[in-house]
Amino acid sequence: MRLRNITGSREVIAESHCVVKEEILKQCPGTWKDIFGNDHPIHIEIGMGKGKFIYTMAKEHPQINYVGIEKYSSVLLRAIQKMQEEELPNLKFIRMDAEDIDKVFGRGEVDKIYLNFSDPWPKDRHAKRRLPSRQFLARYDVILKKDCRLEFKTDNRDLFDFAVEELEPAGWKVEAITYDLHGDAELMRGNVMTEYEEKFSSLGNPIYKYIIYR
């Protein structure tokens, strides 16, 4: 279970220069090249947790700019602490609710989106809150460049089945799909595991993944 309250976490976030401040977020759409100081591709992870995945990706691919998005201050704090050990110039963080994702990135400004082990929101009445829902896919459609990709990984079969069912009504197409990522040599090439992926796969749980586009 994620810790949601750590004393002082909001203060640390407010003081960290690797976190894009709320007052700047309002002016962000279309300006991310200015924020990073270059015109490199922009990849974002929505719901980044403690940041292991996106930090590793940013370190391995310095030619790409990464933005990690996390709702909970206490979780984002862990990612900031990692950056304090070794700061990466191509990685920024945002503390925000993903529902506002299309308000901080401009149309076609993002080159790739990652969703990793998202909250399943198991109750039916909460379906529209699930990050791979058609409601969120509509938001991603705005900010993602045409012919670019969204990658989704989870160990939750019900959530994955739901995500696959949402694709056709949302107008998205499947490039690749697997119900056993760690048994798929092609999709495992270059795979970076999150904290949750390490935990669940070590328990023998299959990991599901798709890569989609419009």
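About the thresholds
- Residues numbered from 1 in each chain as written.
- Predicted model: local features only at pLDDT ≥ 70, side-chain atom pairs only at ≥ 80, totals over all residues.
- Heavy atoms only, no water.
- Salt bridge = Lys/Arg side-chain N within 4 Å of Asp/Glu carboxyl O.
- Helix = DSSP H or I, 4+ residues; strand = E, 2+ residues; numbered from the N terminus.
- Buried < 20%, exposed > 50% of the residue type's maximum accessible area, 1.4 Å probe, protein only.
- Core = buried A, V, L, I, M, F, W, Y, C linked by side-chain atoms within 4.5 Å.
- Pairing = 2+ DSSP bridges.
- Axes fitted to C-alpha atoms, helices over the stretch in contact; angles between N-to-C directions.
- Contact = heavy atoms within 4.5 Å.
- Polar contact = N/O pair within 3.5 Å; in protein donor to acceptor, adjacent residues only side chain to side chain.

Caption draft 1: Region of the structure containing the pattern of salt bridges. In the structure shown here, the tally under the stated rule is 15 salt bridges. Asp-97 serves as the salt-bridge partner of Lys-71, at 3.5 Å between the closest nitrogen and oxygen. With a gap of 26 residues between them, Lys-71 in the loop between β2 (65-70) and α5 (73-85) and Asp-97 in the loop between β3 (91-95) and β4 (110-116) connect regions that are remote in the sequence. For Lys-71, a relative accessible area of 40% corresponds to the partly exposed category. Of the charged contacts in the structure, one is a salt bridge between Asp-100 and Lys-103, with a shortest N-O distance of 3.4 Å.

Caption draft 2: Seen up close, the nonpolar core. Counting 38 residues, the largest nonpolar core has Ile-44, Ile-46, Ile-94, Phe-105, Ile-113, Tyr-140 and Leu-150 as the members making the most contacts within it. Broken down by secondary-structure element, the contributors of at least two residues to this core are α3 (32-36), β1 (42-46), β2, β4, α6 (134-143), β5 (144-154), α7 (157-170) and β7 (208-213). Ranked by residues supplied to this core, first place goes to α7 with five residues. Counting residues in each nonpolar core, the second largest holds 20 residues, with Ile-13, Cys-18, Ala-79 and Met-83 among its members.

Caption draft 3: Broad picture of the sheet that holds β3. If you trace the seven strands from one edge of the open sheet to the other, you get β3-β2-β1-β4-β5-β7-β6, paired in mixed fashion. Each edge of the sheet is formed by a strand with only one pairing partner; in this case those strands are β3 and β6 (173-178). Sheet twist, expressed as the mean angle between neighbouring strand axes with direction ignored, is 15 degrees. Judged from the five bridges that link them, β2 and β3 form a sheet pairing that is parallel. Looking at the pairing, Tyr-66 lines up with Leu-91 of β3. Contacting β2 and β3, α5 crosses the sheet at an angle of about 165 degrees to β3. Contacts from α6 reach β1, β4, β5 and β7 within the one sheet, and its direction differs from that of β5 by about 140 degrees.

Caption draft 4: View of the side chain of Thr-154. Here Thr-154 shows up in strand β5. Polar contacts involving the side chain of Thr-154 include one to the main-chain amide nitrogen of Asn-156, which spans 3.0 Å. Ignoring any residue separated from it by four or fewer positions in sequence, one finds Thr-154 in contact with Phe-117, Leu-159, Phe-160, Pro-206, Ile-207 and Tyr-208.

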